Amino acid sequence: MMLIDTHCHLYAEEFDADRERVVQEAREAAVGKILLPNIDADSEGRMWELCEKDPQLFAPMMGLHPCYVKADTMSYLDRVYSELSTGKYIAVGEIGIDLYWEQDTLPLQQVAFEKQLRWAVEFDLPVAIHVRNAFDEVFEVMDRAADSRLRGVFHCFSGDASQAQKALSYPNFYLGLGGVLTFKKSGLEAVVNDLPISRLVLETDAPYLAPTPHRGKRNEPKYLALIAQKLAEIHEISIEEVVRLTSENAVNLFRLT
């Protein structure tokens, strides 16, 4: 069974110097699928270069990242909708709300997030949700846009137990676990210990948030195995079982073939 990296920015400029090596080492580490979330207009072309070069390994998402939601970028949502209507994408993402860097754009972020949630329902696609310092705000929008057909993943989950329970109260949602799971002081291990593995998927969010012992360095898809190993230790099962279960979850959520 192959590992599936459900959230990775391998098109980022941080990989321009050695992207082919990174891809090769990912394959050698049994990573068989890498899902690429779009960020904004500038990332779209770079993302598609990878997907067209190796459509068996890479799969694209389409969305406008909350950190790039500004008054002068809202028009890009028209492009997002048009692209989603083509049926070329496996998910709507990366979308959500981020109040870590900027709070003034919250009203715009809420509008963009809700629009893209509703489009996910319209096009029967899962969503990849980015949430930072904004769980309450994200849940408020999701409750407003509630629909039994809405499904997706809270990417790079790092919340507490109550936030995990609220996130999983949406019946068709998973939590994406990345390098933060391996950080000693994150508190995430205790949260994940009480979560069913049937609602978990793995990701790197590369080049960000590299797992221990590579913390602080550039993250890479090959490190997904370290996250899987940590999850195996927490749930006291084999890494093979973790790979099987989380990959099945990813295949089901994103309808991968």
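Use the structure listed above.
This is a predicted model, so every value here is computed, not measured.

**Q** Where do I start with the overall build of the chain in this structure?
**A** When helices and strands are counted, the chain shows 9 helices and 8 strands. Since a compact globule built from 257 residues should have a radius of gyration of about 18 Å, the 17 Å found for the chain is in line with a globular shape. Dimensions of the chain along its principal axes, counting C-alpha atoms only, are 45 × 40 × 35 Å. Burial analysis of the chain (257 residues in total) assigns 56% to the buried set. In the chain, 74% of the contacts between residues at least 6 apart in sequence involve partners at least 24 apart. As displayed, the chain offers around 11,300 Å² of accessible surface, 49% of which is attributable to carbon and sulfur atoms. Positive and negative side-chain charges of the chain, numbering 26 and 40 respectively, have mean locations separated by a distance of 2 Å.

**Q** What should I look at first to understand the packing of helix H8 (residues 224-235) against helix H9 (residues 239-254) in this one?
**A** Packed helices, taken two at a time, are described by their axes: the angle between them and the distance between them. For the pair H8 and H9, interaxial distance at closest approach is 8 Å and the crossing angle is 110 degrees. The orientation of H8 relative to H9 falls into the category roughly perpendicular. For the pair formed by H8 and H9, the contact residues are Ala225, Ala228, Gln229, Leu231 and Ala232 on the first element and Ile239, Val242 and Thr246 on the second. Classifying every residue of the contact of H8 with H9 by side-chain character gives 6 nonpolar, 2 polar and no charged.

**Q** Can you walk me through helix H1 (residues 19-28) in this structure?
**A** Because an α-helix packs 3.6 residues into every turn, residues spaced three or four apart end up facing the same way. Within H1, the full set of buried residues consists of Arg19, Val22, Val23 and Ala26. Down the axis of H1, the buried set is contained in an arc of 100 degrees. They therefore lie on one face. Summarising the geometry of H1, the exposed residues directed more than 90 degrees from the buried face are Glu20 and Glu28. As for H1, its buried residues are in contact with strand E2 (31-36), helix H2 (41-53) and strand E3 (58-62). Directly after H1, the chain includes alanine 30, whose backbone phi takes a positive value near 70 degrees.

**Q** Help me understand helix H3 (residues 76-84) in this model?
**A** Every buried residue of H3 is accounted for by Tyr76, Leu77, Val80, Glu83 and Leu84. Angularly, the buried residues of H3 cover 120 degrees about the axis, an arc narrow enough to put them on a single face. Close packing links the buried residues of H3 with H2, E3, strand E4 (91-98) and helix H4 (106-122).

Analysis parameters
Residues numbered from 1 in each chain as written. Predicted model: local features only at pLDDT ≥ 70, side-chain atom pairs only at ≥ 80, totals over all residues. Heavy atoms only, no water. Helix = DSSP H or I, 4+ residues; strand = E, 2+ residues; numbered from the N terminus. Rg over C-alpha atoms; globule rule 2.2 N^0.38 Å. Buried < 20%, exposed > 50% of the residue type's maximum accessible area, 1.4 Å probe, protein only. Contact = heavy atoms within 4.5 Å. Areas by Shrake-Rupley, 256 points an atom, 1.4 Å probe, with all protein chains shown as cover. Lys, Arg positive; Asp, Glu negative; His and termini not counted. Charge placed at Lys NZ, Arg CZ, Asp CG, Glu CD. Axes fitted to C-alpha atoms, helices over the stretch in contact; angles between N-to-C directions. Parallel < 35°, antiparallel > 145°, perpendicular 65-115°, else oblique. Nonpolar A, V, L, I, M, F, W, Y, C, P; charged D, E, K, R; others polar. Arc of directions from axis to C-beta.

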